[in-house]
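# Fold and contact review
What follows is each chain in one-letter form.
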Amino acid sequence: MNHSDRTETFRLYRIWLLLFLILPYGLQAQTKTKVDIEQADALLHNELIVANAQRLIGDVRIRNNNIVMWCDSAYYYTNENIVDGFGHVHIIKDDTLHLYSDFINYNANLKWAKAKDHVKLVNKTTTLTTDSLNYDMNRGIGYYDTYGTIVDSTTTLTSKIGEYYVD
């Protein structure tokens, strides 16, 4: 095998290795699950008010895999797989993590939640309170920059900005 053949073989090897490493991420991005509307007192749809959205009113319960969300009302943007929840929002993830707020924007494709107003994240014996929280449900990390207080059985930590790691 001459030098040119070895160079070509090495180049092909690198391409296959790169494809092997990237392919699982591409497949993961394609396995998006739709939001299931389990309960609502009323379901309205009016393209003139909000395009591509279903309006859910009263005792709303939505499920997306291991995530269950309750709220007073919501808009479900079917094309984007996004939910805007309003009033007494409560999310439970994996039966252990509880997220409460007055408003939430939940992207079911990314598993990303943006909670605002009276936010409380409870993970077993630890509680984070803040006014605004971005929460990556895949990685179990919450980000805040509007002051937050983390309380557990022995410590209280207050900070202007922070990251909270569930694990």
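A brief look at the structure comes next. (Residues numbered from 1 in each chain as written. Predicted model: local features only at pLDDT ≥ 70, side-chain atom pairs only at ≥ 80, totals over all residues. Heavy atoms only, no water.)

### Some thoughts on unusual backbone geometry
Filter applied, for reference: Helix and strand definitions follow DSSP, with helices as H or I runs of at least four residues and strands as E runs of at least two, each counted in order from the N terminus. Per-residue accessibility, obtained with a 1.4 Å probe over protein chains only, is compared with the maximum for each type, and a residue is labelled buried under 20%, exposed over 50%, and partly exposed between these values.
Here Asp 59, not a glycine, exhibits a phi torsion of approximately 50°, which is positive. In this structure, Asp 59 sits in strand 3 (residues 53-64). In this structure Asp 59 comes out as partly exposed when scored by relative accessible area, which is 49%. Positive phi values are uncommon outside glycine, yet Lys 111 reaches one of about 55°. Structurally, Lys 111 can be placed in the loop between strand 6 (97-107) and strand 7 (112-123). Residue classification places Lys 111 among the buried residues on the basis of a relative accessible area of 12%.

### Structural notes on the side chain of Asn 107
Note the threshold: Here a polar contact is recorded for every N or O atom pair within 3.5 Å, except that within protein the pair must consist of a potential hydrogen donor and a potential acceptor, and residues adjacent in sequence are included only if both atoms are side-chain atoms. Any two residues whose heavy atoms approach within 4.5 Å are treated as being in contact.
Topologically, Asn 107 is positioned in strand 6. Among the residues examined, Asn 107 registers a relative accessible area of 15% and is labelled buried. At 3.1 Å, the side chain of Asn 107 and the backbone nitrogen of Leu 110 are in polar contact. Residues in contact with Asn 107, not counting those within four places in the same chain, are Asn 81, Ile 82 and Trp 112.

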